[in-house]
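Observations on the three-dimensional arrangement
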Amino acid sequence: MSAAIGIIGGSGLYEIEGFEKAEERKIETPFGEPSDVLVGGTLAGRQVWFLPRHGRGHRIMPHEINHRANLWALRSLDVRFLICVTAVGSLREQYAPRDVVLPDQYFDRTSRREHHTFFGKGIVGHVSFGDPVSAGMRAILKDAATAEGAKVHDGGTYVNMDGPAFSTRAESEANRQLGFDVIGMTNLPEAKLAREAEIASATLAMITDYDCWKVEEEAVTAEAVMEHLTANVSLAKRVLARAVAEIPEDAKWPEHRSLDGAIMTSKEFWPEE
Ligand code: ADE
């Protein structure tokens, strides 16, 4: 059986042409409840699972998202390839609203890091994260987004703030000076946990605003983010449909073996088989 594909994004994303919805699964995890039920079905002959990051009806704040439960649930359904669709603010003039960015680096400005690992409670592990995005998945997204006519920026550093308030202008300027390209509140924990779960993941980031550094523009508002995101939903769906068809069947990339050499807890710790 080929590996399943996960898609984390807004609710309604699964209304993709060609997607045949088969079931909804409520998954219990050792870390609590995922953001919502997972919607499963087939697209381009592949098993796909959709999970709305903020829950249906957008009722979960960024800092309230149970990322561990979300990624655990996906992996429990044999997901080994993941596409995250997310809104980001632009920290660069040339990255304009409604453009697509495929981040290749992250900078962690979150504060709940104990929630961003499956390790702990006696099991010590450290995965490599120098290249946090699956190059294979990013290439697939680049080709799909380009073919669908999107303006694509291939690469960029995503700085993950906690939120929920947007940045101050001083923070926005500091983020620009530090060389970050886009800002968001949710995607870095997903990338980290995907790596720990040996899932190859990449992100389709939709630019919705210029944050608040660009003084000639109105500073970001939640309303503006939603407006641009909604306008881009049809593009996102077309890109997803095209990308899914190109994802390999077998989990054979380096990201699928990220736990090799990552666990430090000695073998004696594990119960006898
Ligand atoms: N998501 C979309 N736009 C954002 C911004 N300017 N800051 C943080 N998260 C965002």
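Glancing now at the environment of Met 61. Assignment of secondary structure puts Met 61 in the loop between strand S4 (46–52) and helix H1 (67–76). Between the C-alpha atom of Met 61 and that of Gly 163, which follows or precedes it by 102 residues, the distance is 8.9 Å. Setting aside anything within four residues of it in sequence, one finds Met 61 in contact with His 54 and Pro 164.

Below, the discussion takes up the site of the ligand. In the region of the ligand, 13 residues are neighbours, and Gly 89, Gly 184, Thr 208, Asp 209 and Asp 211 sit closest. Gly 89 is positioned such that a nitrogen or oxygen atom in its backbone is 3.2 Å from a nitrogen atom of the ligand. Asp 209 places a side-chain nitrogen or oxygen 2.7 Å from a nitrogen atom of the ligand. Protein contacts shield 95% of the accessible area of the ligand, which totals 260 Å² for the unbound molecule. When atom positions are compared with the pocket grids, the ligand is found to occupy the largest pocket. For the shell around the ligand, the secondary structure elements donating two or more residues are strand S5 (79–90), strand S10 (182–184) and strand S11 (200–209). With three residues, S5 is the largest single contributor of residues to the shell around the ligand.

One number sums up the size of the largest pocket: a volume of about 890 Å³. His 54, His 58, Val 225, Met 226 and Leu 229 are the residues nearest the centre of the largest pocket, which is lined by 38 residues in total. At the level of secondary structure, the elements contributing two or more residues to the lining of the largest pocket comprise S5, S10, S11, helix H5 (222–231) and helix H6 (233–244). Taken as a whole, the second largest pocket holds about 420 Å³ of empty space. Along its surface, the second largest pocket is lined by 16 residues, and Phe 31, Trp 72, Phe 118, Phe 119 and Ile 123 are the ones closest to its centre. The element contributing the most residues to the lining of the second largest pocket is H1, with four residues. Residues belonging to the lining of the second largest pocket are distributed by class as follows: nine nonpolar, two polar and five charged.

Quick look at helix H4 (residues 187–196) now. Of all ten residues making up H4, nine are buried, and the element is well covered by its neighbours. Residues of H4 that are buried: Asn 187, Leu 188, Pro 189, Glu 190, Ala 191, Leu 193, Ala 194, Arg 195 and Glu 196. Of the surrounding elements, those touching the buried residues of H4 are strand S1 (4–9), H1, S5, strand S7 (105–109), strand S9 (157–161) and S11. Backbone geometry just after H4 places Glu 198 at a positive phi near 55°.

As a further point, take the pattern of salt bridges. Summed over all chains, the structure comprises 19 salt bridges. Close ionic contact of Glu 148 with Arg 238 constitutes a salt bridge, the shortest N to O distance being 2.9 Å. With Glu 148 in the loop between helix H2 (135–147) and strand S8 (152–154) and Arg 238 in helix H6, this residue pair connects regions lying 90 residues apart in the sequence. Asp 250 is the partner of Lys 252 in a salt bridge, and the nearest nitrogen-oxygen pair spans 3.7 Å. Each of the salt bridges in this network shares a partner with another, and the network as a whole consists of Glu 93, Lys 214, Glu 216 and Glu 217.

All right, on to unusual backbone geometry then. Outside of glycine, negative phi angles account for most residues, and trans bonds account for most peptide bonds. Between Gly 163 and the following residue, Pro 164, the backbone shows a cis peptide bond with an omega angle of 0°. Secondary-structure assignment places Pro 164 in the loop between S9 and helix H3 (169–177).

Rules behind the numbers
Residues numbered from 1 in each chain as written. Predicted model: local features only at pLDDT ≥ 70, side-chain atom pairs only at ≥ 80, totals over all residues. Heavy atoms only, no water. Helix = DSSP H or I, 4+ residues; strand = E, 2+ residues; numbered from the N terminus. Contact = heavy atoms within 4.5 Å. Near = heavy atom within 4 Å. Polar contact = N/O pair within 3.5 Å; in protein donor to acceptor, adjacent residues only side chain to side chain. Areas by Shrake-Rupley, 256 points an atom, 1.4 Å probe, with all protein chains shown as cover. 1 Å grid on protein atoms, 1.4 Å probe; cavity = no way out; pocket = protein on both sides within 12 Å on 5 of 7 lines; lining within 4 Å. Sits in = over half its atoms within 2 Å of the grid points. Points joined across faces, edges and corners; volume = space filled by probe spheres on them. Nonpolar A, V, L, I, M, F, W, Y, C, P; charged D, E, K, R; others polar. Buried < 20%, exposed > 50% of the residue type's maximum accessible area, 1.4 Å probe, protein only. Salt bridge = Lys/Arg side-chain N within 4 Å of Asp/Glu carboxyl O.

Function cannot be inferred from these measures alone, as they are strictly geometric.
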